[in-house]
Amino acid sequence: QRRVREAVVSTQSTGTSLQHYRNMFALPALLAVVGLVAGDSVGHNKILDFPTATTENYISYNPDLPALTGLTVCAWQQKSYSDDKRYWFSYAVSGSENEIILGEKEKGNYVFYLASNNFGADAGSFDNQWVHVCAAWDSESGVSTISVNGEANQVQEDFKKGQSIKAGGNLVIGQEQDSVGGRFDANQAYVGRLYNINVWDYALNSTEVAFLYESGFCGFGTAEVDPIISYADLLAQDLNGALSVIDGPCIDLEDASEGKILRFPPQSQASTANFLQFTPDFGTEEFGAFSICTWFFKTYSDTSRYFLSYAESGLDNSIISGNKPSSGSGSTMKAC
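What comes next is a walk through the structure. Per chain, the residues get numbers from 1 upward, laid out in the order the sequence is written. Totals for whole chains, interfaces and linings use every residue, but because this is a predicted model, local features are given only for residues with pLDDT of at least 70 and side-chain atom pairs only at 80 or more, for both listing and counting. With hydrogens and water excluded, all non-hydrogen atoms of the structure serve as input to the side-chain values.

1. With respect to the state of the cysteines
Right, so step 1: Disulfides are defined as pairs of cysteine sulfur atoms found within 2.5 Å of each other. According to the stated counting rule, one finds 2 disulfides in the structure shown.
Right, so step 2: For C74, the disulfide goes to C134, at an S-S distance of 2.0 Å. The S-S bond linking C74 to C134 shows a torsion near 120 degrees; that makes this disulfide right-handed. Taken as a pair, C74 in strand β6 (residues 70-79) and C134 in strand β11 (residues 131-138) lie far apart in primary sequence, 60 residues in all. Per the convention used, a helix needs a DSSP run of H or I reaching at least four residues, while a strand needs a run of E reaching at least two, with both numbered from the N terminus.

2. What about the packing of aromatic side chains?
Right, so step 1: For Phe, Tyr and Trp, rings pair up if their centres lie within 6.5 Å, where Trp contributes its six-membered ring, and each pair is then called stacked (planes under 30 degrees apart), edge-to-face (over 60) or tilted (otherwise). Counted by the stated rule, this structure contains 12 aromatic pairs.
Right, so step 2: With centroids separated by 5.7 Å and ring planes inclined at 90 degrees, the aromatic side chains of F50 and Y190 adopt a geometry described as edge-to-face. Residue F50 is found in strand β4 (residues 46-50), and its partner Y190 is found in the loop between β14 (170-173) and β15 (192-200); the two are separated by 140 residues along the sequence. Like Y190, F50 is buried.
Right, so step 3: Taking 5.6 Å as the distance between ring centres and 85 degrees as the angle between the ring planes, the aromatic pair formed by Y195 and Y231 counts as edge-to-face. Here the residue Y195 occupies a position in strand β15, and Y231 occupies one in helix α2 (residues 231-235), the gap between them amounting to 36 residues. One exposure class covers both Y195 and Y231, and it is buried. Each residue's exposure class comes from its accessible area (1.4 Å probe, protein chains only) as a fraction of the maximum for that residue type: buried when under 20%, exposed when over 50%, partly exposed otherwise.

3. Details of the nonpolar core
Right, so step 1: We define the nonpolar core as a collection of buried residues of types Ala, Val, Leu, Ile, Met, Phe, Trp, Tyr and Cys that are connected through side-chain atoms lying within 4.5 Å of one another. Core analysis: the largest hydrophobic core is formed by 48 residues, its most contacted members being L71, W88, F89, F112, I173 and I197.
Right, so step 2: Counting residues in each nonpolar core, the second largest holds 7 residues, with C74, C134, W200 and L204 among its members.

4. Notes on the sheet that holds β11
Right, so step 1: Strand order in the open sheet formed by 7 strands is β13-β12-β11-β6-β15-β4-β16, with antiparallel pairing between adjacent strands. Of all strands in the sheet, those bounded by a partner on one side alone are β13 (151-156) and β16 (244-247). Mean inter-strand twist for the sheet, computed between neighbouring axes without regard to direction, equals 30 degrees.
Right, so step 2: The contact criterion used is simple: two residues touch if any of their non-hydrogen atoms lie within 4.5 Å. Note on method: axes are straight lines fitted to C-alpha atoms, helices fitted across the in-contact stretch only, with angles between N-to-C directions ranging 0 to 180 degrees. Sheet strands in contact with helix α1 (residues 206-214) are β6, β11, β12 (144-148) and β15, and its direction is about 160 degrees off that of β11. Strands were regarded as paired on the criterion that DSSP finds at least two bridges between them.

Structural data, given as structure tokens:
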């Protein structure tokens, strides 16, 4: 269901000796690497299952949040109800029970409450389907966005501009609080499954939101800044009622590189000083054919940027792979 564009760059030789492919595989020499990063493996493929519409199923605790002037909440959700007015994220403080609420106000209308003000996004119904939802807000600009499956579905201007989210409230997952920590309504209780809920203390931009979605349900996509509330934090809390943690559909590969991503800085910070380079031992003197495959997510919009360069003395451009014509930024691609 994820939209992925595939480019094919597989090459065979036409009789020319490729002995030079043995010694120097400089990988990669242009894109600047920040580090080897991974999504939080704690909680990977562990899904919160809310089986029935009852006030008994929930997580409730005080995450000790400070006052916030920015916010993003993202999660994968698979609802198993067909009615409306069900909520899965509720943050309440004394005097403001609706400080933050996420859910559905009407069927197919994803709603974002902030200090009792709200707006919605008509995203359509996704009954029994996994959907990625993010709500973001920035106090300074007053811009707030509801994104569904990596795309901004509704943008609200001048939304709680110059204000802040109150500190010290109580967070509930799976219910909507009508008082701090309680007064749940079974008709508003979430029914279905939730996965990889994370909260950041700033508004993620559109590229970051798209990356989280396009990394896939089983991926390890993350933002450059760690969340202020991670999914691992939520799983460490008490599960009430029949709420349980179940295994998801992801394959757990016993691979040391699973979930690891080479991260390069944005275009404004591109530098020739950052790269990964080594000399591999291919165990052969020459190749008659070869293929190179990788997943990459580009965040630049100009042309002539390359992710792999193989060179030897006298032949600097033995192999080069990258992006010469512009195809836009913020897209996940597989190149072979």
